[in-house]
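Listed below are the residues making up each chain.
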Amino acid sequence: MASNADSIKPDPTWDPIYNSTLKSQIQETFVYFVIPENVLPVILRYNILTIKDQEHIKAVTKSNGNSEGADVLLDRISRYQGWFEVFQEVLRDDAVRLVHVADQLNAIKEKTYEKFSNRKSRKVKLAFPFKVKKKHSSSEDEVMIDKGKFIYNYDT
């Protein structure tokens, strides 16, 4: 029998490739349903946006409309670790009441996570016009720059 720890999926939103993929996958649904003016007060309770972020989103929404404002909102919130789960809570909040949108976005996230977790490791070689000798490695990735070649292991 699986323990609770086995059923909990890690939050990969720290990974820039996953985060970018998730953002692009949910963007259309997000922009269609989310009205920044309605969700900003609730989002601010979670401290995932700065005052500057809020002011920028409001200004873009006022000058360019809700769709553009929602694009900026998605861009700004996705910069924070754990943003997706926080936004799920915001959508389910009594002040917002967009549970059906939260469900749709969650379904998209599940599909994206499944694709992301089934990636295979690849080695990429890129040539740079300069020569640097440096080696850095960690348990998560390996970067080697030697004689103008850049080698980076990453999962796709």
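In this text the structure is predicted, and so the values were computed from the model without any measurement.

(A) Main features of the packing of helix 6 (residues 83–92) against helix 7 (residues 99–117). Between helix 6 and helix 7, the shortest axis-to-axis distance is 7 Å and the interhelical angle comes to 155°. As far as their axial angle goes, helix 7 and helix 6 are roughly antiparallel. As helix 6 runs across helix 7, the sense of the crossing is left-handed. Contacts between helix 6 and helix 7 involve F84, E85, F87, Q88, L91 and R92 from the former and V99, V101, A102, D103, L105, N106 and K109 from the latter. Looking at side-chain class alone, the contact of helix 6 with helix 7 contains seven nonpolar, two polar and four charged residues.

(B) View of helix 2 (residues 16–33). An ideal rise of 1.5 Å per residue puts 26 Å on 18 residues; helix 2 measures up with 25 Å between its terminal C-alpha atoms. Those residues of helix 2 that sit buried are Y18, N19, L22, I26, T29, F30 and V31. Residues of helix 2 that are buried sit in contact with helix 5 (66–77), helix 6 and helix 7.

(C) A look at the pattern of salt bridges. Scanning the entire structure with this criterion turns up six salt bridges. Where R45 meets D93, a salt bridge forms, and the shortest distance between an N and an O atom there is 3.4 Å. Of the two residues, R45 sits in the loop between helix 3 (36–44) and helix 4 (51–64) while D93 sits in the loop between helix 6 and helix 7, which places them 48 residues apart along the sequence. Judged by relative accessible area, which is 53%, R45 ranks as exposed. Judged by its relative accessible area of 16%, D93 is buried. Note that D75 and R79 form a salt bridge whose closest N and O atoms lie 2.7 Å from each other. On the basis of relative accessibility, which here comes to 28%, the residue D75 falls in the partly exposed class.

Conventions we followed
- Residues numbered from 1 in each chain as written.
- Predicted model: local features only at pLDDT ≥ 70, side-chain atom pairs only at ≥ 80, totals over all residues.
- Heavy atoms only, no water.
- Axes fitted to C-alpha atoms, helices over the stretch in contact; angles between N-to-C directions.
- Helix = DSSP H or I, 4+ residues; strand = E, 2+ residues; numbered from the N terminus.
- Parallel < 35°, antiparallel > 145°, perpendicular 65-115°, else oblique.
- Left-handed = near helix turned anticlockwise from the far one by under 90°.
- Contact = heavy atoms within 4.5 Å.
- Nonpolar A, V, L, I, M, F, W, Y, C, P; charged D, E, K, R; others polar.
- Expected span 1.5 Å × (residues − 1).
- Buried < 20%, exposed > 50% of the residue type's maximum accessible area, 1.4 Å probe, protein only.
- Salt bridge = Lys/Arg side-chain N within 4 Å of Asp/Glu carboxyl O.

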